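Spelled out from the first residue to the last, the chains are:
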Amino acid sequence: MFDFNCDCAQEYGVYKNEQELKTAEFMSSVNIAAGFHAGDPLSIKKAMEFAKEHNVSIGAHIGYQDIQGFGSRKVELTDEEIETTVLYQIGAIASFAQAMGLEIEHVRLHGAMKNELNENIDFAKKVACAVKKFNPWLNLFVNNPETKEILEKETGIKCAYEVNFEDYGTIRQIRELEVKPDTLHFKDLESAKRAREVLKPAPVNYNRVGGQI
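Residues numbered from 1 in each chain as written. Predicted model: local features only at pLDDT ≥ 70, side-chain atom pairs only at ≥ 80, totals over all residues. Heavy atoms only, no water.

S.K.: What am I meant to see in the nonpolar core here?
M.R.: Proteins that are soluble and globular tend to have nonpolar side chains buried together. Of all hydrophobic cores here, the largest spans 57 residues; its most connected members are Ile32, Ile93, Leu109, Val127, Val131 and Leu140. When sequence neighbours within four positions are dropped, the list of residues in contact with Ile93 reads Ile32, Ala33, Ala34, Ile44, Met48, Ile58, Gly59, Ala60 and Ile104. (Core = buried A, V, L, I, M, F, W, Y, C linked by side-chain atoms within 4.5 Å. Buried < 20%, exposed > 50% of the residue type's maximum accessible area, 1.4 Å probe, protein only. Contact = heavy atoms within 4.5 Å.)

S.K.: Whenever I open this one, the packing of helix H4 (residues 111–119) against helix H5 (residues 121–134) confuses me. Can you help?
M.R.: Packed helix pairs are specified by the crossing angle of their axes together with the interaxial distance, meaning the distance between the axes. Running from amino to carboxyl end, H4 crosses H5 at an angle of 110°, the nearest separation of the two axes being 6 Å. Between H4 and H5, the angle falls in the class roughly perpendicular. By crossing handedness, the relation of H4 to H5 is classed as left-handed. Judged by residue contacts, Met113, Glu116, Leu117 and Glu119 of H4 engage Ile121, Phe123, Ala124 and Val127 from H5. Taken together, the residues of the contact of H4 with H5 sort by class into six nonpolar, no polar and two charged. (Axes fitted to C-alpha atoms, helices over the stretch in contact; angles between N-to-C directions. Helix = DSSP H or I, 4+ residues; strand = E, 2+ residues; numbered from the N terminus. Parallel < 35°, antiparallel > 145°, perpendicular 65-115°, else oblique. Left-handed = near helix turned anticlockwise from the far one by under 90°. Nonpolar A, V, L, I, M, F, W, Y, C, P; charged D, E, K, R; others polar.)

S.K.: Can you help me understand the pattern of salt bridges in this one?
M.R.: Any two side chains of opposite charge can pair, given that their charged atoms come close. Under the definition given, this model contains twelve salt bridges. Lys74 is paired through a salt bridge with Glu76; the nearest N and O atoms lie 3.7 Å apart. Where Lys148 meets Glu152, a salt bridge forms, and the shortest distance between an N and an O atom there is 3.1 Å. Highlighted residues: Lys148 and Glu152, both in helix H6 (residues 145–154), separated by four residues, approximately one helical turn. A residue is classified by how much of its surface remains accessible, and Lys148, at 16% relative accessible area, is buried. Overlapping salt bridges bring together Asp7, Arg108 and Glu162 as one network. (Salt bridge = Lys/Arg side-chain N within 4 Å of Asp/Glu carboxyl O.)

S.K.: What is the right way to read the pairing of strand S4 (residues 106–109) from this model?
M.R.: Two faces belong to every sheet, and in a regular strand the side chains alternate between them. Residues His106 and Arg108 of S4 are buried on one face, and the alternating residues Val107 and Leu109, pointing to the opposite face, are buried as well. Pairing analysis gives four bridges linking strand S3 (residues 57–62) to S4, with the strands arranged parallel. Directly across from His61, in S4, lies its bridge partner Arg108. Note on the crossover from S3 through helix H3 (residues 79–99) to S4: the handedness is right-handed. Where S4 lies against strand S5 (residues 139–142), two bridges are found, and the strand directions are parallel. Its bridge partner being in S5, Val107 is matched across the sheet by Leu140. (Pairing = 2+ DSSP bridges. Right-handed = clockwise from strand over helix to strand, strands pointing away.)

S.K.: What is the right way to read unusual backbone geometry from this model?
M.R.: Among all residues save glycine, negative phi is the norm, and among peptide bonds the norm is trans. Positioned with a positive phi, Ala9 is a non-glycine residue whose angle comes to about 65°. The residue Ala9 is located in the loop between strand S1 (3–8) and helix H1 (19–24) in this model. Look at Asn55: it is not a glycine, yet its phi comes out positive at around 55°. Tracing the backbone shows Asn55 in the loop between helix H2 (41–54) and S3.

S.K.: Looking at this structure, I do not really get the packing of aromatic side chains. What am I missing?
M.R.: The description of two aromatic rings rests on the distance between their centres and on the angle between their planes. In this structure the tally under the stated criterion is four aromatic pairs. When the centroid spacing of 4.8 Å and the interplanar angle of 25° are considered together, the rings of Phe165 and Phe186 count as stacked. In this pair, Phe165 sits in the loop between strand S6 (158–164) and helix H7 (168–176) while Phe186 sits in the loop between strand S7 (183–185) and helix H8 (189–198), placing the two residues 21 residues apart along the sequence. Neither residue differs from the other here; Phe165 and Phe186 are each classed as buried. Of the aromatic side chains, those joined through ring pairs into one cluster are Phe4, Phe165 and Phe186. (Phe/Tyr/Trp six-rings, centres within 6.5 Å; stacked < 30°, edge-to-face > 60°.)

S.K.: Looking at this structure, how should I read the side chain of Arg108?
M.R.: With respect to the helices, strands and loops of the structure, Arg108 is situated in strand S4. Among all residues touching Arg108, those that are not within four sequence positions of it are Asn5, Asp7, Asn31, Ala60, His61, Ile62, Lys114, Phe141, Glu162, Asn164 and His185.

S.K.: Sorry, what's going on with H8 here?
M.R.: Think of an α-helix as turning once every 3.6 residues; residues three or four places apart then point the same way. Burial in H8 covers these residues: Leu189, Ser191, Ala192 and Ala195. All buried residues of H8 project into a common sector of 160° when viewed along the axis, lining one side. Next to the buried residues of H8 lie S1 and H1. (Arc of directions from axis to C-beta.)

This is the structure:
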């Protein structure tokens, strides 16, 4: 069984994205944008209310401070800036969760910051250490199984290996992978619907139910 995840609250001011919560109805986890690449207080609150109503796992969706470029542009950061960028955004989502009697379970990076995580192991270690400093029980989503192995061994953080769901071919490819993914990421409603026809997502709560996937 796999976790299904998608991104939410990727709105800002007058720019809305109603499709996300429709897709989220088929998920077992949602990644709530923390305000740097997208997300404002109202959209974060709405996504949090959805997560509570539908009893899905909550993650902080963090990126570079690049609202104009939707987090797609790499930003050069010092070690201190990497740490504070991670802590600030996780803290924003965790505060909303706490106010609603909820907890966050994972962290998923966005755009250029996600690419850097999976391509640059030194950067990945700095991000992992910042996540661990906030809460050692949080899971960090990664798209590279080698990165997952190194981070878990060298930083002690728990990682979830993520694969993007494209079509039914993704399921066939997963069966051939030596390292099976923990979670599947969805970008659109139709893909989520198709996947639910053949797979039922695991009701993930990584902190409390270890190894259920």
